[in-house]
Amino acid sequence: MTGYRVSDVMTRQVVYLPAETTLDEAARVMKEADIGDVVVTDGASLAGMLTDRDIVVRAVAERSDPATTTIGSVITREVVMIEQHATAGEAASLMRERGIRRVLVCDGERKLVGIVSLGDLAMQLDPDSALSDISEQAPTV
């Protein structure tokens, strides 16, 4: 795992949505793009990240109305970043330490260039693992 860089395994497609976006619109965008997360902005600033799990656990479980609830009210505001030249092993360690499944990837100037997920690491580095099978088959919202 240590031979690969984060830039080798990350997803370069980053979808941005403003914090005012409703949950149902965000879920539609995620489904159409076949992704499990979006980066949430507040004007020109990064406000956080919304994952498919945020929608299910925070919104559905609390019986929030998806047509009126904004993503800004359910996002994960603590954004964890890793530099694109870090090793895949360092990314996995960071995820383990923080108890998270996705990390934003930045360049040397802290500009966002991608997202790396636990599934990305598993599918690229050990395609025969059970985690890869689950990640590949897991439906997104």
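Residues numbered from 1 in each chain as written. Predicted model: local features only at pLDDT ≥ 70, side-chain atom pairs only at ≥ 80, totals over all residues. Heavy atoms only, no water.

For the protein chain, an unreviewed UniProt entry supplies the name CBS domain-containing protein and the organism Micromonospora harpali.

### Remarks on the sheet that holds strand E4 (residues 81–83)
With respect to topology, 3 strands assemble into an open sheet ordered E4-E5-E6, the strand pairing being mixed. Of all strands in the sheet, those with a lone pairing partner are E4 and strand E6 (112–117), marking the two edges. If you compare each strand with its neighbour and ignore which way they point, the axes differ by 35° on average. Judged from the 3 bridges that link them, E4 and strand E5 (residues 102–106) form a sheet pairing that is parallel. (Pairing = 2+ DSSP bridges. Helix = DSSP H or I, 4+ residues; strand = E, 2+ residues; numbered from the N terminus. Axes fitted to C-alpha atoms, helices over the stretch in contact; angles between N-to-C directions.)

### Section: the packing of helix H2 (residues 23–33) against helix H3 (residues 52–60)
Packed helices, taken two at a time, are described by the angle their axes make and the gap between the axes. One way to put it is that H2 packs onto H3 with a least axis distance of 10 Å and a crossing angle of 150°. Seen from above, H2 lies across H3 with left-handed handedness. Each of Leu23, Ala27 and Met30 in H2 lies in contact with H3, whose residues at this interface are Asp52, Ile55 and Ala59. Considering only residue class, the contact of H2 with H3 consists of 5 nonpolar, no polar and 1 charged. (Left-handed = near helix turned anticlockwise from the far one by under 90°. Contact = heavy atoms within 4.5 Å. Nonpolar A, V, L, I, M, F, W, Y, C, P; charged D, E, K, R; others polar.)

### Here's the deal with the pattern of salt bridges
This structure, assessed with the given rule, holds 5 salt bridges. Between Glu25 and Arg28 there is a salt bridge whose closest N-O contact spans 2.5 Å. Here Arg28 and Glu25 lie together in helix H2, a separation of 3 residues that amounts to about one turn. When its relative accessible area of 30% is taken as the criterion, Glu25 is described as partly exposed. Across the pair Asp52 and Arg102 runs a salt bridge whose closest N-O atoms are separated by 3.5 Å. Linking Asp52 in helix H3 with Arg102 in strand E5, this pair joins segments that are 50 residues apart in sequence. Salt bridges sharing partners connect three or more residues here, namely Glu25, Arg28 and Glu32. (Salt bridge = Lys/Arg side-chain N within 4 Å of Asp/Glu carboxyl O. Buried < 20%, exposed > 50% of the residue type's maximum accessible area, 1.4 Å probe, protein only.)

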